Every structure is written in structure tokens, then in C-alpha cells.
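Commentary on secondary and tertiary structure
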Amino acid sequence: EPEVTQTPSHQVTQMGQEVILRCVPISNHLYFYWYRQILGQKVEFLVSFYNNEISEKSEIFDDQFSVERPDGSNFTLKIRSTKLEDSAMYFCASSARLTSPVPYTQYFGPGTRLTVL
Amino acid sequence: RKEVEQDPGPFNVPEGATVAFNCTYSNSASQSFFWYRQDCRKEPKLLMSVYSSGNEDGRFTAQLNRASQYISLLIRDSKLSDSATYLCVVNMDTGGFKTIFGAGTRLFVKA
């Protein structure tokens, strides 16, 4: 069964450093998403991406964040200058075409745990 | 008002019990609806989509009432393996695609 993969599983970084979180969505999916979940809190939407551009972003997704699909298979989230409060689990998700039986059904990767020291 | 609101829980039930979770959403632009389950420190896993006509998958039944902006999940004959957090998820098409998660309801099924 196809699945979303994410690397690394755990990233430790110093405050102020840049990090890039990587995701490989399911191969025939067209919509891609990033979420974060701070420990003990709910899953929060960051951004959706379709047709090589951002479709929607939340208030959390400020200028420190960017997304890219550099090579047609990877989908990356970059945080330019990490803060302590960026420590969280980051989940990537993908969903299929609008013609699917239930469009926008999202499948999640296992997450990257980001720890900012 | 929160965009997606769920029973706070936790629900503690014995094996074999029937348990129901409720969820309300506030944005009428909401288009598609889902229940996910999340085990501790793991990714959300799709449990089922929710249709206006109601749908069933084995021991799980989901209902959607668009007029009341209300979604429910019923679990019959609870198993120990059903212990998890159940997440109500709403997709909105507001020109872009945005997804809102409820805070989740924790379920503990005990022997």
C-alpha cells in the first residue's frame, strides 16, 4: 500500500538555525499539506499546496516558513530561523485528485519531531 | 467559537460497550468531513469519511447533519485496540484548501 514518507524522523537544531523537513507524498497525489502538533495539543494546519503553488496557509505560516516541490517527488518545509516554540511534530499529508470518491481524503506521513534548543 | 469542536473526554468504557463521539463545526464553507484516530505520538490515520447519508464500516458508524453542522461517530462492541484519540476533521474550500482538526476525544477501553 502506498504511503507518505518523511525524513528525518527526529531533527534537533539550535535556535536561529534553518531546518528543512522532507516528505515524499503518495505518487499520484496532487495536493500536499503540512501540519504541526505541539506536544499535548491539537493538530494545526500550516499550508496546502497544489499545482506548484500555495493554495491556503494559516496564520502560523509566516515569513519564516516556506514550502517547495523541488523535483516532482519531494515536498519540503523550510523554517528559516527556528525558535524554541517551533518545537513540535511536523506531519506531511497528501491527497488525490478531485475525481476521487471522496476528494481531499488526506494520508499522513509518520512525522518529523523537531526539537529546537 | 472554535471552528471544530469535540467532546473533551476522556471516555472510559469497558470492552463491548457502545460509545458515541460528537463534533460540531462552525464554517458553512466546510465541504468534506472525516474521522481520524491518533495513537500516542503517531500520525493521524484515516478511520472513515463522513457522508450526508451516513455510512458504516464494520463496528463504526458516522453521521453528518449539514443543517445542524454536526458530525458523529458511533463505535459498537468496543475493543481494547480502539483505545486512541479520535479526531474530527473538516476540509474547507475557501478558494484554497484548508483543513481544521478538532482537539480530539480520548477513548480508553478497559478489560
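Relevant structure appears above.
What this report covers is the structure whose coordinates are included nearby.

What counts and how
Residues numbered from 1 in each chain as written. Chains lettered and ligands numbered in written order. Predicted model: local features only at pLDDT ≥ 70, side-chain atom pairs only at ≥ 80, totals over all residues. Heavy atoms only, no water. Pairing = 2+ DSSP bridges. Helix = DSSP H or I, 4+ residues; strand = E, 2+ residues; numbered from the N terminus. Axes fitted to C-alpha atoms, helices over the stretch in contact; angles between N-to-C directions. Contact = heavy atoms within 4.5 Å. Buried area = accessible area lost by both parts, 1.4 Å probe. Salt bridge = Lys/Arg side-chain N within 4 Å of Asp/Glu carboxyl O. Polar contact = N/O pair within 3.5 Å; in protein donor to acceptor, adjacent residues only side chain to side chain.

The subject of this paragraph is the sheet that holds strand β1 (residues 5-7) of chain A. Residue and element names in this part refer to chain A. The sheet built from 4 strands is open, its strands ordered β1-β3-β8-β7 with antiparallel pairing. With one partner strand each, in any of the chains shown, β1 and β7 (65-68) form the two edges of the open sheet. On average, each strand axis in the sheet is inclined to that of its neighbour by 20°, with strand direction left out of account. Relative to strand β8 (residues 75-79), β7 is paired through 4 bridges, and the arrangement is antiparallel. What sits directly across from S66, in β8, is K78.

We now examine the sheet that holds strand β8 (residues 70-75) of chain B. In sheet architecture, strand pairing relies on hydrogen bonds along the backbone and comes in two forms, parallel and antiparallel. All names here are of chain B. Read from one edge of the open sheet, 5 strands run β1-β3-β8-β7-β6, paired in antiparallel fashion. The open sheet has two free edges, formed respectively by β1 (4-6) and β6 (55-57), since each of these has just one partner strand. Here the average twist between neighbouring strands, direction ignored, is 15°. As paired strands, strand β7 (residues 60-65) and β8 are joined by 6 bridges and run antiparallel to one another.

Next up on the list: the interface of chain B and chain A. Listed per partner, the contact involves 22 residues of chain B and 24 residues of chain A. Together, R41, F97 and F101 of chain B form the three largest contributors to the area buried by chain B at its contact with chain A, with a combined 33%. Across the chain B-chain A interface, the total number found is 0 salt bridges. Summed over the shared surface of chain B and chain A, the result is 6 residue pairs in polar contact (both at pLDDT 80 or more). When residues of the side of chain B that touches chain A are traced back to their parent elements, those giving at least two are β4 (30-38), β5 (45-50), β9 (84-93) and β10 (97-101) of chain B.

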